[in-house]
Amino acid sequence: MAANSINTRPRSRRAIALIPALVLLLSSAALAADAPPPYAGPLFDAHLHYNVEAQAPHPLTDVLGRMQRSGVRAIVANSRPNDGTLTLATARAAAAAAGVTVVPFVRLYRNRDDYSSWFRDPSIIAMVERELAQGTPAGPYRGLGEFHLYDSANADGSTAVALMKLAQQRNLVVLAHVDDVAIDKLLAHAPQARLVWAHTGIGGVPEARVRELLRRYPSLMGELSYRPGLTENGRLSTAWRALMLEFPERFLIGSDTWVNQRWAYYEGLMQEARVWLGELPPTVAQSIAWGNGARLYGLLAP
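Everything quoted here is computed from the prediction, not taken from an experiment.

## Considerations on the nonpolar core
- In this structure, W276 and L277 are the most contacted members of the largest nonpolar core, which totals 91 residues.
- Residue contributions to this core peak at eight residues, all from helix 12 (residues 282–297).
- Look past the residues within four positions of L277 in its chain and what remains in contact with it is Y39, L43, I253, A285, I288 and A289.

This is the structure in structure tokens:
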């Protein structure tokens, strides 16, 4: 009996040591079992790039196939330079076969150097005017951007001011990668402009500040790719759920395929969105996934 007692103690210790891992495993399983099914409806990818470096490794058949497999039925297309957008817009038959509507934007970047100087460069205005005059095979351009302002003070640059006023005058949507201070500045120049805030703030702008800006500016919408704090342990965070329930018509989803790796994982990115969308009431999920973008750009239901 003594020998048996000695032999059982190590087994007991091992069993005790496994308890935390077992609890974690059971908790994760319970969390997964408790999770609602992912959203299964159409998606509007409101922040997509088809930049020059993506076009060889990811030709049209590849990108349209990824969209189709992901249930993406419309995209905002913008690229550096604008040739990528025109490539997507030109492929009307292929896009239609994939069930994808292309909403073209004029991007302000001819090359990487433009990222850090566009806001004061008058030649950018001339380029934008030429693009708007030419339009695309998918129809007229519907917006400007995505553009970046790494210093919010540059929102007061002469070209930035002129393009915000142009967007307001021509009813173009603006896609801006900026901080919260720049939102105030940009909309001071063009109070009626329709502005989509890429990532709903860089650097994790606090939810309270996001709420403040959405209440202040009825034409402001938030795009949710790369948004810090959106999910916690794979679930939609309490704070962001509250924001979405308060402003169900003010948010959009996006892939932000700014580097080729994002294209390689495109289907996964869209599935991640479907998971947290599934935690919202169905009408709210449908609005954020599809309806808000469709309304913004005047698209019919797929």
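After that view, the rundown keeps rolling.
## Let's talk about empty space enclosed by the protein
- Applying the stated rule across the entire model yields one cavity of 30 Å³ or more.
- Lining the largest cavity are L108, W118, L144, F147, A160, L163, M164 and V174.
- Taken together, the elements giving at least two residues each to the lining of the largest cavity come down to strand 4 (143–148) and helix 6 (158–170).
- Sorting elements by how many residues they give to the lining of the largest cavity places helix 6 first, with three residues.
- Of the residues belonging to the lining of the largest cavity, the class tally is eight nonpolar, no polar and no charged.

## Brief notes about the side chain of T257
- Within the element layout of this structure, T257 appears in the loop between strand 10 (251–252) and helix 10 (260–264).
- Relative accessible area serves as the criterion here: at 2%, T257 is assigned to the buried category.
- Of note is the side chain of T257, whose polar atom sits 2.6 Å from the backbone oxygen of H49.
- Dropping the residues within four chain positions of it, T257 is found in contact with H47, L48, H49, R262, W263 and Y266.

## Points about the pairing of strand 4
- With respect to burial, strand 4 is a largely interior element, six of its six residues being buried.
- With two bridges connecting them, strand 3 (residues 101–106) and strand 4 associate as parallel partners. Bridge assignment links F105 to a residue of strand 4, and that residue is G143.
- In this structure, strand 4 lies alongside strand 5 (residues 173–177), joined through five bridges in parallel fashion. By the bridge assignment, L144 is partnered in strand 5 with V174.
- After leaving strand 4, the chain enters helix 6 and then returns to the sheet as strand 5, a path that is right-handed.

## Quick notes on the environment of F105
- Tracing the sequence through the fold places F105 in strand 3.
- In this structure, the C-alpha to C-alpha distance between F105 and E146, residues 41 residues apart in sequence, is 8.3 Å.

What counts, and at which threshold
Residues numbered from 1 in each chain as written. Predicted model: local features only at pLDDT ≥ 70, side-chain atom pairs only at ≥ 80, totals over all residues. Heavy atoms only, no water. Core = buried A, V, L, I, M, F, W, Y, C linked by side-chain atoms within 4.5 Å. Buried < 20%, exposed > 50% of the residue type's maximum accessible area, 1.4 Å probe, protein only. Helix = DSSP H or I, 4+ residues; strand = E, 2+ residues; numbered from the N terminus. Contact = heavy atoms within 4.5 Å. 1 Å grid on protein atoms, 1.4 Å probe; cavity = no way out; pocket = protein on both sides within 12 Å on 5 of 7 lines; lining within 4 Å. Points joined across faces, edges and corners; volume = space filled by probe spheres on them. Nonpolar A, V, L, I, M, F, W, Y, C, P; charged D, E, K, R; others polar. Polar contact = N/O pair within 3.5 Å; in protein donor to acceptor, adjacent residues only side chain to side chain. Pairing = 2+ DSSP bridges. Right-handed = clockwise from strand over helix to strand, strands pointing away.

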